[in-house]
Structures are given as C-alpha cells and as structure tokens.
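Structural characterization, general
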Amino acid sequence: MKALLIVDIQNDFLPGGALEVPNGDQIIETVNSLQSKYDLVVATQDWHPIAHKSFASQHVEHNIFDQINLNGLEQVLWPDHCVQGTRGAELADSLDQTRVEAVFRKGVEPLIDSYSGFYDNGRRKNAGLHGYLQDRSIAEVHICGLAADFCVHFTAMDALSLGYRTVILSKATKPINREEYMDKKQTFIHAGGLFF
C-alpha cells in the first residue's frame, strides 16, 4: 500500500507568507491532482508556540538565518512562522483536503525544532506518523510539499530510515534554497531514495 505525505503546505510558506518558499503556491494544483492515486493521504503541519526557540526573535544577539547551537543541535534561526492558531499556520485554502485522513503537527516543543513529519530534529519525540502508517500497512511513501530542502528532505530521510520505500515527487515540491536542495538531493539518492 502507498501513501502520499503532504508536507507543510501552509500559508506562511506561500507567497506573501512569513517564510515564503519561492513559487510554493505553484505545486498545489499538482498535489491536488495526485491525491486520488494513493491508498492513504496524510499531511503535516508546522505548529509552533509563539516563543519557539527556532525563531530569531527569541535571540536578540542573532539575526534571521543565523545558525546557532540549540540544546546540542545545529539550528537555523527562522522568522516567526506557523504560530499556533494563526492564519499563517493554516493549511492553504487551495489545498484539497477532502482525502487527507490525518494531519500530524510538528514543531510544537518550544526548545527543539522539527523539520521531519516523523520526529523532532533530535529524534527525541515522534509525531505518531510512523505508527499511523504501520496501522494502515503502508510500505511505500511518496512525499510532496514545502520546502524541498528542509521539511520534505528530513521527512524523506526519516521515512527511509524507518524502512519505507521512499519517493520525493519533484514536480510537487519547491526549495527555499536551490543549491542546498541539490546537495540534499544527492544525500537522499545515496541513501536509497527515489525521485519521480
């Protein structure tokens, strides 16, 4: 059985959002058209508390996109985004959610970020996605959404490590930084992942 994992297609990652992914809105029609081809469709949602420590606003001595050590982990400092209960955190209005069976929220712990839909960045806490997929007898996951070089990539790497046949749907994702995306793409392929 195959599942489609829709990663973080939220207002703050779309044009005009707090952490805009260039042309992020251009994948939504493709994502909508893909959903009927899968046995299961689930989504992830960045869901940060207002004072999340991955926000540059919480570190007066640092700027947006600086890298710091946060509780023993390398952390990029982001603009405030996908804050719980805000319009920016909502899934995009144009995303067809009729086939989405479950939404897995991530980034909820204020002291650690969570790019992957499976685990936080330190793999200290899981989001429940793996168990849900196991209960549905899913062996293969196809991943789409935003952004290709962060949340899509880390979700895909965790899926591989958990034993799923893992595919990133390249026409249904966009990166923040194309150069970084190309480096991570090679890492994913070397780990056994596929791109369609």
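On a predicted model such as this, the values are computed, not experimentally measured, just so you know.

About the criteria used
Residues numbered from 1 in each chain as written. Predicted model: local features only at pLDDT ≥ 70, side-chain atom pairs only at ≥ 80, totals over all residues. Heavy atoms only, no water. 1 Å grid on protein atoms, 1.4 Å probe; cavity = no way out; pocket = protein on both sides within 12 Å on 5 of 7 lines; lining within 4 Å. Points joined across faces, edges and corners; volume = space filled by probe spheres on them. Nonpolar A, V, L, I, M, F, W, Y, C, P; charged D, E, K, R; others polar. Pairing = 2+ DSSP bridges. Helix = DSSP H or I, 4+ residues; strand = E, 2+ residues; numbered from the N terminus. Contact = heavy atoms within 4.5 Å. Axes fitted to C-alpha atoms, helices over the stretch in contact; angles between N-to-C directions. Phe/Tyr/Trp six-rings, centres within 6.5 Å; stacked < 30°, edge-to-face > 60°. Lys NZ or Arg CZ within 6 Å of the ring centre and 35° of its normal.

**A few points about the layout of surface pockets**
In this structure, the largest pocket encloses a volume near 390 Å³. Residues of the lining of the largest pocket, tallied by class, amount to 10 nonpolar, 5 polar and 6 charged.

**Observations regarding the sheet that holds strand β7 (residues 165–174)**
Strand order in the open sheet made by the 6 strands is β5-β2-β1-β6-β7-β8, with parallel pairing throughout. Either end of the sheet is taken by a strand with one partner, and the two such strands are β5 (100–106) and β8 (194–195). Looking at chain direction, β7 and β8 are connected through 2 bridges and run parallel. Paired with Ile 168 across the two strands is Phe 195, which belongs to β8. Along the sheet face, helix α3 (residues 148–161) touches β1 (2–7), β5, β6 (140–146) and β7 and points at about 165 degrees away from the line of β6.

**Thoughts on the packing of aromatic side chains**
Within the structure shown, the criterion is met by 9 aromatic pairs. Arranged with centres 5.4 Å apart and planes meeting at 40 degrees, the rings of Tyr 115 and Phe 154 form a pair that is tilted. Residue Tyr 115 is located in the loop between β5 and α2 (129–135), and its partner Phe 154 is located in helix α3; the two are separated by 39 residues in the primary sequence. When the centroid spacing of 6.5 Å and the interplanar angle of 75 degrees are considered together, the rings of Tyr 181 and Phe 195 count as edge-to-face. Here Tyr 181, found in helix α4 (residues 178–190), pairs with Phe 195, found in strand β8; they are 14 residues apart in sequence, far enough to count as distant. Joined through ring pairs, the aromatic side chains of Phe 65, Trp 78, Tyr 115, Phe 150 and Phe 154 make up one cluster. Above the face of the Tyr 119 ring, Arg 123 is positioned so that its terminal group lies 4.1 Å from the ring centre. Just above the ring of Phe 150 sits the side chain of Lys 184; from NZ or CZ to the centre is 4.2 Å.

**With respect to the side chain of Lys 184**
Relative to the helices and strands, Lys 184 is located in helix α4. Contacts of Lys 184, omitting those with residues within four sequence positions, involve Asp 149, Phe 150, His 153 and Phe 154.

**A look at empty space enclosed by the protein**
Taken as a whole and judged by the stated rule, the model has 1 cavity of 30 Å³ or more. Taken as a whole, the largest cavity holds about 100 Å³ of empty space. Lining the largest cavity are 13 residues, with Phe 13, Leu 19, Phe 150, Cys 151 and Ile 176 positioned closest to its centre. A class-by-class count of the residues in the lining of the largest cavity yields 9 nonpolar, 2 polar and 2 charged.

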